[in-house]
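Take a look at the letters that make up each chain.
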Amino acid sequence: MSFKTPIDPNKRIAIIDILRGFALLGIIFMNMSFFSGYMFIPFEELKQISNFGLDEKLYNLLAIAVTGKFYTIFSILFAVGFYIQFNKNRDSTIHFLKTYRRRLFILLIIGILHTLFWYGDILLTYSVFGFILILFRNVKSKNLLRWSLFFLCVPFFLDFALLPFTEALLKINPPSTAPSIAHVSYPDISNSDVINTFREGSIVEIFMLNIHNFIWKNLAYIPSGGYFKFLGIFLLGYYLASVDFFKKASKPTGLILAILISGIMITIASKLLGGNPYGVPTLQNIRYKFLTLVAQLLMSISYIMTIIKIAQNVIGKRILEYLIPVGRMALSNYIIQTVLMVVIYYNLGFGLFGKTGLISTFIIAIIIVVFQIILSNMWLKYYRFGPLEWVWRSLTYKKWIKIRHERNI
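Throughout what follows, the structure given in this document is the object of discussion.

How each quantity is defined
- Residues numbered from 1 in each chain as written.
- Predicted model: local features only at pLDDT ≥ 70, side-chain atom pairs only at ≥ 80, totals over all residues.
- Heavy atoms only, no water.
- Helix = DSSP H or I, 4+ residues; strand = E, 2+ residues; numbered from the N terminus.
- Rg over C-alpha atoms; globule rule 2.2 N^0.38 Å.
- Buried < 20%, exposed > 50% of the residue type's maximum accessible area, 1.4 Å probe, protein only.
- Contact = heavy atoms within 4.5 Å.
- Phe/Tyr/Trp six-rings, centres within 6.5 Å; stacked < 30°, edge-to-face > 60°.
- Expected span 1.5 Å × (residues − 1).
- Core = buried A, V, L, I, M, F, W, Y, C linked by side-chain atoms within 4.5 Å.
- Salt bridge = Lys/Arg side-chain N within 4 Å of Asp/Glu carboxyl O.
- Patch = residues over 30% accessible without salt bridge, like charges linked within 9 Å, V, L, I, M, F, W, Y side chains within 5 Å.
- Areas by Shrake-Rupley, 256 points an atom, 1.4 Å probe, with all protein chains shown as cover.
- Axes fitted to C-alpha atoms, helices over the stretch in contact; angles between N-to-C directions.
- Parallel < 35°, antiparallel > 145°, perpendicular 65-115°, else oblique.
- Nonpolar A, V, L, I, M, F, W, Y, C, P; charged D, E, K, R; others polar.

## With respect to the overall build of the protein chain
The helix and strand tally for the protein chain stands at 18 helices and zero strands. In terms of overall size, the protein chain behaves like a compact globule, its C-alpha atoms giving a radius of gyration of 22 Å where 409 residues would be expected to give roughly 22 Å. Structurally, the protein chain occupies a C-alpha span of about 70 × 50 × 40 Å along its principal axes. A total of 409 residues make up the protein chain; the buried ones form 51% of that total. Across the protein chain, the fraction of contacts at a sequence separation of at least 24, relative to all contacts at a separation of at least 6, is 79%.

## With respect to the packing of aromatic side chains
The geometry of an aromatic ring pair is captured by the separation of the ring centres together with the interplanar angle, meaning the angle of the planes. Throughout the structure, instances matching the rule amount to 43 aromatic pairs. Where F150 meets F151, the ring centres are 5.2 Å apart and the plane angle is 70°; that geometry is what we call edge-to-face. When its relative accessible area of 38% is taken as the criterion, F150 is described as partly exposed. The interplanar angle of 85° and the centroid separation of 5.6 Å between the aromatic rings of Y221 and F230 together place this pair among those described as edge-to-face.

## Quick notes on the environment of M208
Looking at the secondary structure, you find M208 in helix α10 (residues 203-224). Through-space distance from the C-alpha of M208 to that of T197 is 9.8 Å; in sequence the pair is 11 residues apart.

## A word on helix α11 (residues 226-242)
Taking 1.5 Å per residue, 17 residues should reach 24 Å; α11 reaches 24 Å between its end C-alpha atoms and fits that length. Of all the 17 residues making up α11, 14 are buried; the element is thus mostly covered by neighbouring parts of the structure. Phi turns positive one or two residues past the end of α11, at D244, with a value near 60°.

## Here's the deal with the nonpolar core
Counting 111 residues, the largest nonpolar core has I15, I76, F82, F246, I304 and Y346 as its most contacted members. Not counting residues up to four positions away in its chain, the partners in contact with I304 are L19, I73, I76, F245 and F246.

## What to know about the pattern of salt bridges
Taken as a whole and assessed by the stated rule, the structure comprises three salt bridges. Across the salt bridge formed by E44 and K47, the nearest N and O atoms sit 3.7 Å from each other. Taken as a pair, E44 and K47 lie in helix α2 (residues 43-49) at a separation of three residues, close to a single helical turn. K289 is the partner of D159 in a salt bridge, and the nearest nitrogen-oxygen pair spans 2.6 Å. In this pair, D159 is assigned in helix α7 (residues 141-162) and K289 in helix α13 (residues 283-311), connecting sequence segments 130 residues apart. Just as D159 is buried, K289 falls in that class too.

## Things to note about a nonpolar patch on the surface
A surface patch of nonpolar side chains, amounting to about 870 Å² of accessible area, comprises F117, I203, V204, M208, I211, I215, L219, I222, Y227 and L348. Examined against the element boundaries, I203 turns out to sit in helix α10. Judged by its relative accessible area of 40%, I203 is partly exposed.

## A few points about the environment of L236
With respect to the helices and strands, the residue L236 is situated in helix α11. Along the backbone, L236 and R146 are 90 residues apart, and their C-alpha atoms lie at a distance of 9.3 Å. What L236 contacts, discounting residues up to four positions off in sequence, is I76, L145, S148 and L297.

## Quick look at helix α6 (residues 123-134)
When the terminal C-alpha atoms of α6 are compared, their 17 Å separation across 12 residues agrees well with the 16 Å that a helix rising 1.5 Å per residue should span. Counting buried positions along α6 yields nine of 12 residues, so the element is predominantly enclosed. All of the buried residues along α6 are L123, L124, T125, Y126, S127, F129, G130, L133 and I134.

## Brief notes about the environment of V154
Inspection of the secondary structure assignment puts V154 in helix α7. Residue classification places V154 among the buried positions, given a relative accessible area of 9%. In this structure, the C-alpha to C-alpha distance between V154 and G327, residues 173 residues apart in sequence, is 32 Å.

## Here's the deal with the packing of α10 against α11
Put simply, α10 and α11 touch, their axes get as near as 6 Å, and they point 85° apart. As summarised for this structure, α10 and α11 are arranged roughly perpendicular, according to the angle between their axes. Side by side, α10 and α11 meet where N218, Y221, I222 and S224 of the first sit next to G226, Y227 and F230 of the second. Taken together, the residues of the contact of α10 with α11 sort by class into four nonpolar, three polar and no charged.

## Looking at the side chain of S127
In this fold, S127 is placed in helix α6. Each residue touching S127, except ones within four places of it in the same chain, is listed here: L104, L107 and L108.

## Topic: unusual backbone geometry
Positive phi is not limited to glycine here, since D244 has a value of about 60°. Mapped onto the elements of the fold, D244 is located in the loop between α11 and α12 (253-273). For D244, a relative accessible area of 37% gives the class partly exposed. One non-glycine residue, K398, lies in positive phi territory at about 55°. Along the chain, K398 turns up in the segment after α18 (387-397).

In short, geometric facts, not functional conclusions.
Printed below as a string of structure tokens:
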């Protein structure tokens, strides 16, 4: 295949698109509590506008089953996508990498624009780590796994190195003893200001607040070790692709259940034992971060293995095939999720930010998921790519790529 030609949609690996669609639809259930403002609503107000007890039960369930898991799968698949493309173009590496870097740069621009509307954007981060991933393209499989484990463990090395200074750090930055007023709050802006800006602010004020929140989100990656974890997960995905993990026969059901249950139990244990991944390094905080990471990886891998297992069943494959178009239109669908949530919750639309409970938001997210499955399947009956995928590819290859299917007359 020439490096100047994008991968034909008909030659894509179906299970990868299924997994990408599955991960994408799961991401909205992780993001919805932020989009809706639920995370910023003071607990006292939540009790007035929602069925607080049921909302919190759903919140805790999502924290175990969803939070961190689907973006991990999505990150793994991003690296898998790079491996597939690079492997197809090993005979023209220089030219391919030039094209791929242009592809990542365009994604970076899309991510920057997207951040103005949604501070939880992942495209910008993926593009940056995509450039780093390129540096590991020729590393052997066994060494890829070692590098992955190394970067996943770097935050713990740093935390243990800082342990002797914990007491001094606590004096500089003592932990707050006041009870939390909401699930999320910032030290430099009140929760009411956050809610009012998204609900009533101008578009410029919303842009500025999204930039503010994006900065705080990325600052939080420093004490939590998020940047190293991202790279470790990317390399894990590249390793899994290099050993044909997604093409090999499915694993025994018992093994999948054991991994899943282990992940769930470790997640619950981490929450019962407590800890703060963003706080000063202490043994409790280090333990919490370690258990959370292990559980996150175990559950994410078990989800992947479960989907692969189901896809090898005739009925399961028929059902999961509806996710293929969702995965092939991952970029478009990701942005569409933002557009719909912005219209529903921001002042740019209905202005429901901070006015709904989590169960109501969950129902809205389900409706969006169903809508995206239907829309994706209808769109790809007539077009080869999603609308944003078409623009992305055309800019990457510096030519307008045919988007419509050829019809035999």
